[in-house]
Amino acid sequence: MHSKSIPSLARRGAGRRFLASVLSLLCLAAAPAASARSGPRDDGPVYVPVPAVASHQAQLILFRGAAPDAEVDKRGLGAHVYVDGEFHGALLPNGWTRLCVAPGDHSIEAYVGDAPLYRGKARPATRVSLEGGKTYFAGVLEQGAVELRPFRRAEAEGLLEGKREQRHLLSRASAVVPCEGRPASASLQ
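Residues numbered from 1 in each chain as written. Predicted model: local features only at pLDDT ≥ 70, side-chain atom pairs only at ≥ 80, totals over all residues. Heavy atoms only, no water.

Chemist: Kindly report on the sheet that holds strand E5 (residues 104–112), identifying the contributing residues and their values.
Modeler: What the four strands build is an open sheet, ordered E3-E2-E5-E6; its pairing is antiparallel. Strands at the two margins of the open sheet, each flanked by one partner only, are strand E3 (86–91) and strand E6 (127–130). Each strand axis lies, on average, 30° off the axis of its neighbour in the sheet, ignoring direction. By the bridge criterion, four bridges tie E5 to E6 in an arrangement that is antiparallel. Residue pairing in the sheet places Gly104 in a bridge with Leu130 of E6. (Pairing = 2+ DSSP bridges. Helix = DSSP H or I, 4+ residues; strand = E, 2+ residues; numbered from the N terminus. Axes fitted to C-alpha atoms, helices over the stretch in contact; angles between N-to-C directions.)

Chemist: Give a detailed account of the environment of Pro178, specifying residues and quantitative values.
Modeler: Relative to the elements of secondary structure, Pro178 occurs in the loop between strand E9 (164–165) and helix H6 (184–187). Between the C-alpha atoms of Pro178 and Gln59, which are 119 residues apart in sequence, the distance is 9.9 Å.

Chemist: Can you explain the side chain of His80? Please cite residues and give values.
Modeler: Assignment of secondary structure puts His80 in strand E2 (residues 79–83). Residues contacting His80, with those up to four places away along its chain left out, are Phe87, Gly89, Ala90, Glu109, Ala110, Tyr111, Asp114 and Tyr118. (Contact = heavy atoms within 4.5 Å.)

Chemist: Explain the packing of aromatic side chains to me, using residue names and the numbers behind them.
Modeler: Throughout the structure, instances matching the rule amount to four aromatic pairs. Considering the side-chain rings of Tyr47 and Trp96, the 5.0 Å spacing of their centres and the 85° angle between planes classify their relative orientation as edge-to-face. Separated by 49 residues along the polypeptide, Tyr47 in the loop between helix H2 (14–38) and strand E1 (58–64) and Trp96 in strand E4 (residues 95–101) bring together distant segments of the chain. Judged on exposure class, the residue Tyr47 and its partner Trp96 are both buried. One aromatic cluster in this structure is built from Tyr82, Phe87 and Tyr111. Taking the ring centre of Phe151 as reference, the NZ or CZ of Arg149 above it sits at 4.1 Å. (Phe/Tyr/Trp six-rings, centres within 6.5 Å; stacked < 30°, edge-to-face > 60°. Buried < 20%, exposed > 50% of the residue type's maximum accessible area, 1.4 Å probe, protein only. Lys NZ or Arg CZ within 6 Å of the ring centre and 35° of its normal.)

In C-alpha coordinates:
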(Lines give C-alpha, C1' and ligand atoms only; values in the text may rest on other atoms or scores of the structure.)
Protein backbone atom coordinates (compact mmCIF):
# COMPACT_ATOMS: atom_id res chain seq x y z
CA MET A 1 0.00 0.00 0.00
CA HIS A 2 2.71 2.45 0.99
CA SER A 3 4.85 1.57 -2.00
CA LYS A 4 2.29 2.99 -4.44
CA SER A 5 1.91 6.41 -2.81
CA ILE A 6 5.59 7.15 -2.22
CA PRO A 7 6.81 6.33 -5.78
CA SER A 8 3.93 8.29 -7.27
CA LEU A 9 4.94 11.37 -5.27
CA ALA A 10 8.60 10.89 -6.10
CA ARG A 11 7.81 10.43 -9.77
CA ARG A 12 6.15 13.80 -9.90
CA GLY A 13 8.87 15.38 -7.76
CA ALA A 14 6.23 16.69 -5.33
CA GLY A 15 7.62 14.67 -2.44
CA ARG A 16 11.13 15.99 -2.98
CA ARG A 17 9.94 19.56 -3.31
CA PHE A 18 7.80 19.21 -0.18
CA LEU A 19 10.70 17.74 1.81
CA ALA A 20 13.06 20.47 0.56
CA SER A 21 10.53 23.16 1.54
CA VAL A 22 10.09 21.74 5.03
CA LEU A 23 13.85 21.49 5.57
CA SER A 24 14.48 25.05 4.36
CA LEU A 25 11.72 26.38 6.64
CA LEU A 26 13.25 24.55 9.59
CA CYS A 27 16.68 26.03 8.79
CA LEU A 28 15.23 29.55 8.50
CA ALA A 29 13.35 29.20 11.78
CA ALA A 30 16.47 28.00 13.59
CA ALA A 31 18.80 30.71 12.23
CA PRO A 32 17.35 33.72 14.15
CA ALA A 33 17.29 31.72 17.38
CA ALA A 34 20.95 30.79 17.00
CA SER A 35 22.02 34.35 16.16
CA ALA A 36 19.97 35.76 19.06
CA ARG A 37 21.87 33.54 21.47
CA SER A 38 25.27 34.49 20.14
CA GLY A 39 24.64 38.25 19.73
CA PRO A 40 24.33 40.94 22.40
CA ARG A 41 21.33 40.82 24.74
CA ASP A 42 18.45 43.11 23.90
CA ASP A 43 18.28 44.89 27.24
CA GLY A 44 16.79 48.22 28.10
CA PRO A 45 18.61 51.50 28.51
CA VAL A 46 21.66 52.15 30.65
CA TYR A 47 20.80 53.26 34.19
CA VAL A 48 20.02 56.93 34.79
CA PRO A 49 18.87 58.24 38.19
CA VAL A 50 15.23 57.34 38.77
CA PRO A 51 12.62 59.99 39.59
CA ALA A 52 11.02 60.34 43.01
CA VAL A 53 8.08 58.03 43.58
CA ALA A 54 4.53 58.90 44.68
CA SER A 55 3.87 58.92 48.44
CA HIS A 56 1.52 55.91 48.18
CA GLN A 57 4.30 53.71 46.75
CA ALA A 58 7.75 52.45 47.73
CA GLN A 59 10.27 52.13 44.89
CA LEU A 60 13.01 49.49 44.74
CA ILE A 61 16.00 49.47 42.42
CA LEU A 62 17.59 46.02 42.39
CA PHE A 63 20.86 45.46 40.57
CA ARG A 64 23.48 42.83 39.93
CA GLY A 65 27.17 43.20 39.14
CA ALA A 66 29.30 41.11 36.84
CA ALA A 67 29.04 37.35 37.28
CA PRO A 68 31.37 36.12 40.04
CA ASP A 69 32.95 33.50 37.80
CA ALA A 70 33.13 32.55 34.15
CA GLU A 71 30.87 29.50 34.63
CA VAL A 72 27.93 31.55 35.92
CA ASP A 73 28.48 34.12 33.16
CA LYS A 74 28.76 31.45 30.45
CA ARG A 75 25.57 29.73 31.56
CA GLY A 76 23.74 33.08 31.72
CA LEU A 77 22.13 32.27 35.06
CA GLY A 78 19.71 34.93 36.14
CA ALA A 79 19.28 35.95 39.76
CA HIS A 80 15.61 35.12 40.28
CA VAL A 81 13.93 37.96 42.16
CA TYR A 82 10.82 37.22 44.24
CA VAL A 83 8.46 39.74 45.83
CA ASP A 84 6.20 38.31 48.53
CA GLY A 85 6.99 34.79 47.31
CA GLU A 86 6.03 35.52 43.69
CA PHE A 87 8.42 35.70 40.73
CA HIS A 88 9.27 39.25 39.64
CA GLY A 89 12.12 38.71 37.17
CA ALA A 90 15.60 37.39 36.52
CA LEU A 91 18.53 39.78 36.83
CA LEU A 92 21.31 38.83 34.44
CA PRO A 93 24.88 39.93 35.23
CA ASN A 94 25.29 43.73 34.95
CA GLY A 95 21.54 44.33 34.94
CA TRP A 96 19.04 46.28 37.03
CA THR A 97 15.28 46.46 37.52
CA ARG A 98 12.88 48.99 39.01
CA LEU A 99 9.73 48.00 40.83
CA CYS A 100 7.12 49.68 43.00
CA VAL A 101 4.93 48.24 45.74
CA ALA A 102 2.52 49.60 48.32
CA PRO A 103 4.24 50.75 51.53
CA GLY A 104 4.47 48.15 54.29
CA ASP A 105 6.08 44.80 55.00
CA HIS A 106 7.24 42.76 52.02
CA SER A 107 9.46 39.80 51.29
CA ILE A 108 12.20 40.55 48.74
CA GLU A 109 14.48 37.65 47.75
CA ALA A 110 17.09 36.86 45.09
CA TYR A 111 18.48 33.43 44.18
CA VAL A 112 20.87 32.19 41.48
CA GLY A 113 20.37 28.66 40.17
CA ASP A 114 17.44 27.90 42.49
CA ALA A 115 15.63 25.58 40.06
CA PRO A 116 13.95 23.17 40.56
CA LEU A 117 13.19 23.93 44.23
CA TYR A 118 12.64 27.70 43.83
CA ARG A 119 13.35 28.52 47.46
CA GLY A 120 12.36 32.16 47.04
CA LYS A 121 8.91 31.15 45.95
CA ALA A 122 8.45 28.31 48.41
CA ARG A 123 9.90 29.80 51.61
CA PRO A 124 10.60 33.55 51.52
CA ALA A 125 12.81 34.44 54.47
CA THR A 126 13.78 38.12 54.11
CA ARG A 127 11.21 40.68 55.27
CA VAL A 128 11.59 44.43 54.83
CA SER A 129 9.43 47.35 55.90
CA LEU A 130 9.16 49.93 53.13
CA GLU A 131 7.93 53.52 53.54
CA GLY A 132 5.81 55.34 50.98
CA GLY A 133 7.53 57.98 48.85
CA LYS A 134 10.98 56.44 49.35
CA THR A 135 13.38 54.77 46.94
CA TYR A 136 15.43 51.79 48.12
CA PHE A 137 18.51 50.31 46.45
CA ALA A 138 19.70 46.72 46.84
CA GLY A 139 22.41 44.75 45.07
CA VAL A 140 22.59 41.02 44.49
CA LEU A 141 25.84 39.86 46.09
CA GLU A 142 27.31 36.51 45.07
CA GLN A 143 30.23 35.92 47.42
CA GLY A 144 29.46 32.33 48.34
CA ALA A 145 25.77 32.57 49.23
CA VAL A 146 23.54 34.89 47.23
CA GLU A 147 22.04 37.77 49.18
CA LEU A 148 20.42 41.14 48.64
CA ARG A 149 22.39 43.94 50.29
CA PRO A 150 20.94 47.44 50.81
CA PHE A 151 22.95 50.40 49.52
CA ARG A 152 22.71 54.15 50.01
CA ARG A 153 21.66 55.96 46.85
CA ALA A 154 25.05 57.59 46.11
CA GLU A 155 26.96 54.30 46.42
CA ALA A 156 24.31 52.35 44.49
CA GLU A 157 24.24 54.81 41.61
CA GLY A 158 28.01 54.52 41.30
CA LEU A 159 27.65 50.74 41.08
CA LEU A 160 24.73 51.05 38.64
CA GLU A 161 26.81 53.01 36.11
CA GLY A 162 26.79 51.21 32.76
CA LYS A 163 24.27 48.57 33.85
CA ARG A 164 21.32 47.87 31.57
CA GLU A 165 17.68 47.64 32.56
CA GLN A 166 16.29 44.12 32.38
CA ARG A 167 13.15 44.04 30.25
CA HIS A 168 13.13 40.45 29.03
CA LEU A 169 10.51 39.13 31.50
CA LEU A 170 7.17 40.36 32.79
CA SER A 171 6.69 40.47 36.54
CA ARG A 172 4.30 37.90 37.94
CA ALA A 173 4.42 39.35 41.44
CA SER A 174 0.94 40.62 42.31
CA ALA A 175 2.35 43.17 44.80
CA VAL A 176 4.35 44.93 42.05
CA VAL A 177 2.52 47.89 40.48
CA PRO A 178 3.53 50.45 37.83
CA CYS A 179 5.65 53.19 39.39
CA GLU A 180 4.10 56.64 39.60
CA GLY A 181 6.18 59.78 39.95
CA ARG A 182 5.53 62.52 42.47
CA PRO A 183 3.39 65.41 41.24
CA ALA A 184 5.50 68.39 40.14
CA SER A 185 4.26 70.54 43.08
CA ALA A 186 5.45 67.94 45.60
CA SER A 187 8.91 67.79 44.00
CA LEU A 188 9.47 71.53 44.46
CA GLN A 189 8.98 71.46 48.24
